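Each chain is listed here by its residues.
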Amino acid sequence: QVEVLNWSDLAYSSISIYPNPTESILNIVFNTKNKGIYDLKIIDVLGNTVLAKKLDVNSNYFTSSLSTASLSNGIYYLLISNGKEMQSVKVVVRK
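Here the structure is a predicted model, which means the values were calculated and not measured.

A. Quick look at the overall build of the protein. What the protein contains, in helices and strands, is 0 helices and 7 strands. Ordered by position from N to C terminus, the α and β elements of the protein give β-β-β-β-β-β-β. Within the protein, the fraction of its 95 residues that count as buried is 37%. A sequence separation of at least 24 residues applies to 54% of the contacts in the protein between residues at least 6 apart. Put simply, the protein shows about 5500 Å² of open surface, and 49% of that area lies on carbon and sulfur atoms.

Take a look at the structure:
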């Protein structure tokens, strides 16, 4: 069970995504208090997972890139979870 908490309670002190809107590559940067395996998903507005990636976070500052080239124009949500906590960020794909 994943528990969604207030921003200040999360293990993530900050999450940045850029560019947003994006055309083909989404850069993800976050600071975390907890190292380990994180699940990164992009879901559409219907709740379908359209992209998924596992991240091995071994430092407090983490960066990753995700190709959004296969996605159609629209609004999506980036979900980052460590199995206990989850944070979501709205992503706009515009080509």
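B. Highlighting a nonpolar patch on the surface. A cluster of nonpolar side chains, Val 45, Leu 46, Ile 75 and Tyr 77, forms an exposed patch at the surface whose accessible area comes to about 400 Å². Mapped onto the elements of the fold, Ile 75 is located in strand 6 (residues 74-81).

C. Up close: the sheet that holds strand 6. Spatially, 4-3-6-7 is the arrangement adopted by the 4 strands of the open sheet, whose pairing is antiparallel. The sheet is open, and its two edges are formed by strand 4 (49-57) and strand 7 (86-93), each paired on a single side. Neighbour-to-neighbour, the strand axes of this sheet turn through a mean angle of 20°, independent of strand direction. Bridge count for strand 6 against strand 7 is 8 bridges, and the pairing is antiparallel. Residue pairing for strand 7: Ser 81 is matched across the bridge by Met 86.

D. Spatial organisation of the packing of aromatic side chains. All chains considered together, the criterion is met by 2 aromatic pairs. Relative to Tyr 38, the ring of Phe 30 lies with its centre 5.6 Å away and its plane at 50°, an arrangement referred to as tilted. Aromatic side chains Phe 30 and Phe 62 sit 5.6 Å apart centroid to centroid with 45° between the ring planes, which places their arrangement in the tilted category. Taken together, the positions of Phe 30 in strand 2 (residues 25-32) and Phe 62 in strand 5 (residues 61-67) put the pair 32 residues apart, joining distant regions of the chain. In terms of burial, Phe 30 and Phe 62 fall into one category: buried. Among the aromatic residues, those joined into a ring-pair cluster are Phe 30, Tyr 38 and Phe 62.

About the criteria used
Residues numbered from 1 in each chain as written. Predicted model: local features only at pLDDT ≥ 70, side-chain atom pairs only at ≥ 80, totals over all residues. Heavy atoms only, no water. Helix = DSSP H or I, 4+ residues; strand = E, 2+ residues; numbered from the N terminus. Buried < 20%, exposed > 50% of the residue type's maximum accessible area, 1.4 Å probe, protein only. Contact = heavy atoms within 4.5 Å. Areas by Shrake-Rupley, 256 points an atom, 1.4 Å probe, with all protein chains shown as cover. Patch = residues over 30% accessible without salt bridge, like charges linked within 9 Å, V, L, I, M, F, W, Y side chains within 5 Å. Salt bridge = Lys/Arg side-chain N within 4 Å of Asp/Glu carboxyl O. Pairing = 2+ DSSP bridges. Axes fitted to C-alpha atoms, helices over the stretch in contact; angles between N-to-C directions. Phe/Tyr/Trp six-rings, centres within 6.5 Å; stacked < 30°, edge-to-face > 60°.

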